[in-house]
Each structure stands twice: as C-alpha cells, then as structure tokens.
Amino acid sequence: MRAATIAPVSVHRLMIVDDSNVIRRRIERAHDLPFVEFVGAARNGREAIDLHARTHPTIVTMDLTMPEMDGNECVAELVKRDPDIRILVHPECSFEVVQ
C-alpha cells in the first residue's frame, strides 16, 4: 500500500502599499489568514518597487492616490516585472474605518 502524499502548502506573501499609516496598519492587522505571510509595507509606488525586488510578494494591496509614484504607475511596473502577481487595488477614500 502506498503512503498518501500531502501536497505542499502554498504560502502567499503580502505587501501593503498605501501612503496612510493608519490604513497600512489596519490591513496588516486584518490579514490574519492562514497561509499569508506579511512581507512589508510601502508608503508610495517607488518604495513598493524597491520592496518588491527584495521580498517578492505574491499578493499586494494597492492604494491609487499616493505621492511620488501613484498606484496606477506602480501596478503597471509590478505586473511588468512579475506577470503572476495578484494586486488588490483600493482607493483609500472608499475604505470605511470601523473601530
């Protein structure tokens, strides 16, 4: 009889990109999901590009309106570098902050 093989568990690597410290921290605290590892947070698109090169996230949350490099530019650059990356775009103004 053959022993059952267990498929390896895929761990997703999460990067948060938002110029609001409050939003970054809320997402970081709310990501308590199995198989998701928080790898870092960036305040703008330029920081996100640098962080991506160092941490290789598989999932990104992205604000659209940020200084230096906005979310649209950053998404285009990340997808160019990593076509398999998954990005959740969120305009900060649509978040309802719940205490």
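Everything below is about the structure printed above this text.
Residues numbered from 1 in each chain as written. Predicted model: local features only at pLDDT ≥ 70, side-chain atom pairs only at ≥ 80, totals over all residues. Heavy atoms only, no water.

Here we look at the overall build of the chain
Along its length, the chain carries 3 helices and 4 strands. Relative to all contacts within the chain whose residues are 6 or more apart in sequence, the contacts with residues 24 or more apart total 71%. Only carbon and sulfur atoms are counted for the fraction: they give 56% of the accessible area of the chain, which is about 6600 Å². (Helix = DSSP H or I, 4+ residues; strand = E, 2+ residues; numbered from the N terminus. Contact = heavy atoms within 4.5 Å. Areas by Shrake-Rupley, 256 points an atom, 1.4 Å probe, with all protein chains shown as cover.)

Thoughts on the packing of helix α2 (residues 45–55) against helix α3 (residues 71–81)
α3 packs onto α2 with a crossing angle of 15° between their chain directions and a minimal axis gap of 9 Å. Comparing the axis directions of α2 and α3 gives the class roughly parallel. Between α2 and α3 lies a crossing whose hand is right-handed. Across the interface between the two elements, Gly45, Ala48, Ile49 and His52 of α2 pack against Cys74, Glu77, Leu78 and Arg81 of α3. (Axes fitted to C-alpha atoms, helices over the stretch in contact; angles between N-to-C directions. Parallel < 35°, antiparallel > 145°, perpendicular 65-115°, else oblique. Left-handed = near helix turned anticlockwise from the far one by under 90°.)

Observations concerning the sheet that holds strand β3 (residues 59–63)
On the basis of which strands lie adjacent, the open sheet formed by 4 strands has the order β2-β1-β3-β4 and parallel pairing. Edge positions in the sheet fall to β2 (36–42) and β4 (86–90), since each has one partner strand and no second. With strand direction ignored, the average angle separating the axes of adjacent strands in the sheet is 20°. Both β3 and β4 contribute to a ladder of 5 bridges, which runs parallel. (Pairing = 2+ DSSP bridges.)

Observations regarding α2
Among the residues of α2, those classed as buried are Gly45, Ala48, Ile49, Leu51, His52 and Thr55. Where α2 is buried, its residues meet β1 (12–17), β2 and α3. Measuring from the backbone nitrogen of Arg46 back to the side-chain oxygen at the start of α2 gives 2.9 Å, which picks out Asn44 as the cap. The first or second residue beyond α2 is His56, which carries a positive phi of 50°. (Buried < 20%, exposed > 50% of the residue type's maximum accessible area, 1.4 Å probe, protein only. Polar contact = N/O pair within 3.5 Å; in protein donor to acceptor, adjacent residues only side chain to side chain.)

Details of the pattern of salt bridges
Taken as a whole and judged by the stated rule, the model has 5 salt bridges. With its nearest N and O atoms 3.2 Å apart, the salt bridge here joins Glu37 to Arg13. Taken together, the residues span a long stretch of sequence, with Glu37 in strand β2 and Arg13 in strand β1 at a distance of 24 residues. Where Glu77 meets Arg81, a salt bridge forms, and the shortest distance between an N and an O atom there is 2.7 Å. With Glu77 and Arg81 both in helix α3, this residue pair falls 4 residues apart, about one helical turn. The network of salt bridges with common partners includes Glu77, Lys80 and Arg81. (Salt bridge = Lys/Arg side-chain N within 4 Å of Asp/Glu carboxyl O.)

Structural notes on the nonpolar core
Ranked by size, the top nonpolar core spans 14 residues in total, and within it Met15, Val17, Ala48, Val60, Met62, Cys74 and Leu78 carry the most contacts. Elements with a contribution of two residues or more to this core: β1, β2, α2, β3 and α3. Grouped together as the second largest cluster of nonpolar side chains are 5 residues, Leu14, Ile23, Ile27 and Val36 included. (Core = buried A, V, L, I, M, F, W, Y, C linked by side-chain atoms within 4.5 Å.)

None of the figures reported here should be taken as evidence of function without further support.
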